[in-house]
Amino acid sequence: MKNNSSYLRLGFIVAVAWMALIGLAIDGFCGHEEGVKALFQQAMGPWHDPLAATIAGALPADITQVHETYNGRPFWTQTRKDKVTRFKCSQCHDGRTVTAENAAAVAHGDIVLDHGGAKPLSCFTCHKDNPRDQFETEKGVTIDMDHVYELCGQCHFRQKSDWIGGAHGKRLDHWAGQRVVANCTSCHNPHSPVFKKRWPATYSLPLDEP
Amino acid sequence: MKPLQPSCSTTLSESPDADKTRGRRDFLKGALQLAALCGTAALTGCEPGGRFGLQWQEFFKKNYRLMTPLEKEATVQRLEQLAKLRRGIDIHISAAEPVKEVLFGYAFNLTRCEGFMECVQACVRENNLDRKSKTQYIRIFELEPGQMSPESGNGQYFHEVPVNGHFYMGIQCFHCQNAPCVKACPTKATWMEPDGIVVVDYDWCIGCRYCMAACPYWGRRFNWNEPYVPKEEITLKQHYLGNRLRSRGMMEKCTFCIQRSRDGQLPACAAACPTGARVFGNLLDPDSEIRFVLKHKKVFRLKEDLGTEPKFWFFVD
């Protein structure tokens with residue numbers, strides 16, 4: 001019995017040592033990356049963009065600087081207030097009772113609220129009585145409508161962090177120069193944010209036919 | 001215009017001892033060609049700036065990589081003049097060099113693509129692709145969860161998208177760092193530029209389609225017929241290695257819209273995508289969007305085991 005267990009112990013030690021050796025070998029020979037991955041992983045310094053000056057002249061006017069940065073770099077997004085046709089809200093919603101007939105249907109009848117799935121949102125999840133012309137987070141922080149990503153990001157925080165880095169959302173026009181990205185509501189209708197089914201823009205023929 | 005046979009180019013090579021090695025047969029061949037062409041020229045009227053003179057000079061130009069900046073400028077001007085004479089359009093062809101410290105990379109979000117194919121349409125229009133044979137650089141495949149390769153997907157879907165329980169995968173030239181098509185080309189008509197774009201010198205391509213057979217990603221397209229683009233739909237901003245008008249018997253492929261990307265613009269597909277599934281940028285810029293995706297997302301490349309090192313990643317949210 002005693003012999004058996006000492007053999008076992010010896011075997012165990014040998015096995016562990018062998019695995020450690022293999023581990024070291026893998027680290028030593030295969031630890032470094034090759035190919036494209038090595039190329040870009042070595043490029044850590046900031047890139048000095050030679051195109052920035054020419055692109056700066058071609059930037060759209062309706063952009064605003066985002067209150068967030070990625071890697072300490074500022075970026076810009078599309079403004080939204082100028083695209084809301086009935087802005088400012090307080091033109092009608094000024095605290096008095098609206099007396100016009102069917103006013104709600106006439107002013108906002110086109111809005112279909114389909115946001116939140118099984119737990120649908122209401123108008124008042126985002127729009128508040130006070131302030132009328134801004135949004136307000138659940139914490140009570142007032143948000144300008146141009147910075148609507150701060151409102152959406154309360155629930156969609158994962159999408160927001162992807163958007164800040166560039167994995168969610170869409171950069172506009174240029175890959176170089178000042179980074180300008182689409183705002184949340186540039187692409188998504190906030191009242192029914194899922195993209196609707198539609199026909200594709202074109203179609204493909206089989207590849208192997210000349 | 002391109003040389004009729006590879007031997008023409010060797011006859012006219014620039015090496016100093018070309019005269020010594022030129023055989024009697026080559027000399028006779030050249031002399032005959034010259035005589036024939038001069039005869040035609042005499043018949044058609046050969047003024048130096050005329051169509052024939054331009055075609056003549058185009059016929060004997062060098063491979064793009066061997067041209068000096070002045071020669072590049074000259075051929076670009078000739079092509080612009082020829083387009084004016086042949087089709088009556090004012091195109092602008094650029095020979096812009098790669099931007100320094102740039103290596104282009106692309107990422108495709110499989111979660112976000114809904115199969116709307118706006119990218120395909122934008123690409124066809126931007127790159128002056130043949131409308132008759134419906135040539136497309138980009139293919140979108142409809143796949144079911146669990147499928148990982150477009151080979152098992154549906155590349156010819158035509159119905160309302162997105163279909164529940166399906167995802168969409170876009171395939172185009174992946175601009176491999178270790179590109180098999182470049183190795184296969186017998187005339188060195190295709191190569192990788194310093195900014196990572198694999199390009200074709202259309203005038204140096206002999207149309208053998210070896211590269212098409214070598215590409216494991218179905219990235220290359222061949223012009224079986226003279227491509228047809230309606231005059232009013234021709235994209236006038238062109239690049240020598242990009243979307244300039246091709247003719248029959250030439251190989252072509254996605255160039256990451258070299259005429260746009262070297263000016264800092266996004267390729268047409270990335271600019272047209274309505275869902276933001278396409279990310280394009282500089283791999284050597286640690287703050288770029290493409291580097292964010294590679295750092296923070298689960299990415300993979302197609303057929304990575306082949307060692308072709310494509311610069312095109314797929315990722316999921």
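What you see is a predicted model, and the numbers here were worked out from it, not measured in a lab. Every chain's residues receive numbers from 1 upward, in the order its sequence appears when written. Labels follow written order: the first chain is A, the first ligand is 1, and so on. Predicted model: local features are reported for residues with pLDDT of at least 70 only, side-chain atom pairs are reported and counted for 80 or more only, and whole-chain, interface and lining totals are derived from all residues. By convention in this description, side-chain values take in all heavy atoms of the structure and omit both hydrogens and water.

## Overview of helix α2 (residues 35-42) of chain A
Of the residues making up α2 of chain A, those classed as buried are V36, A38 and F40 of chain A. Elements that come into contact with the buried residues of α2 of chain A comprise α11 (289-296) and β12 (312-316) of chain B. Three exposure classes are used, based on accessible area relative to the maximum for each residue type with a 1.4 Å probe and protein chains only: buried under 20%, partly exposed in between, and exposed over 50%. Only DSSP runs of H or I reaching four residues or more are called helices, and only runs of E reaching two or more are called strands; each is numbered from the N terminus. Contacts were defined at the residue level, with two residues in contact if any of their heavy atoms lie within 4.5 Å.

## Here we look at the sheet that holds strand β5 (residues 180-181) of chain A
Residues and elements named next belong to chain A. An order of β1-β2-β5 is seen for the 3 strands of this open sheet, with the pairing classed as mixed. The open sheet has two free edges, formed respectively by β1 (63-70) and β5, since each of these has just one partner strand. Between any two strands, at least two bridges found by DSSP are needed for them to pair. Examined bridge by bridge, β1 and strand β2 (residues 73-78) share 5 bridges and lie antiparallel to one another. Counterpart to Y70 in the pairing with β2 is R73. Sheet contacts for helix α7 (residues 157-165): β1, β2 and β5; angle to β1, the most-contacted strand, approximately 105°. Every angle, taken between N-to-C directions, lies between 0 and 180 degrees, and every axis is a line fitted to C-alpha atoms, over only the stretch in contact when it is a helix.

## Looking at the domain arrangement of chain B
Residue and element names in this part refer to chain B. The split of the chain into domains comes from an automatic or database domain assignment. Per the domain assignment, the segments of chain B are domain 1 (8-91) and domain 2 (104-316). Residue-level contacts link 16 residues of domain 1 with 15 residues of domain 2. Values labelled buried area give the accessible surface lost by two parts on being combined, using a 1.4 Å probe and summing over both. In this assembly, domain 1 packs against domain 2 so that about 1400 Å² is buried in total across both faces, 64% of it on carbon and sulfur atoms. Three residues, Y64, R65 and R87, lead the burial of domain 1 against domain 2; their summed loss comes to 41% of the area buried on that side. For this analysis, a salt bridge means a side-chain nitrogen from Lys or Arg found within 4 Å of a carboxyl oxygen belonging to Asp or Glu. Taken together, domain 1 and domain 2 are joined by 1 salt bridge. In this structure, K61 engages D203 in a salt bridge whose closest nitrogen and oxygen atoms are separated by 2.5 Å. Counting of polar contacts relies on pairs of N or O atoms within 3.5 Å, with two restrictions inside protein: one atom must be capable of donating a hydrogen and the other of accepting it, and residues adjacent in sequence are counted only when both atoms are side-chain atoms. Taken together, the links from domain 1 to domain 2 amount to 5 residue pairs in polar contact (both at pLDDT 80 or more). The element that contributes the greatest number of residues to the side of domain 1 that touches domain 2 is helix α5 (residues 69-87), accounting for 4 residues.

## A look at the sheet that holds strand β2 (residues 104-109) of chain B
Two strands in a sheet stick together by hydrogen bonds in their backbones, pointing the same way (parallel) or opposite ways (antiparallel). Residues and elements named next belong to chain B. One open sheet accounts for 4 strands, arranged β10-β2-β12-β11; its pairing is mixed. With one partner strand each, in any of the chains shown, β10 (278-282) and β11 (298-300) form the two edges of the open sheet. Put simply, the sheet's adjacent strands are angled 30° from each other on average, direction ignored. Against the sheet, α11 makes contact with β2, β10, β11 and β12, and its axis sits at roughly 110° relative to β10, the strand it touches most.

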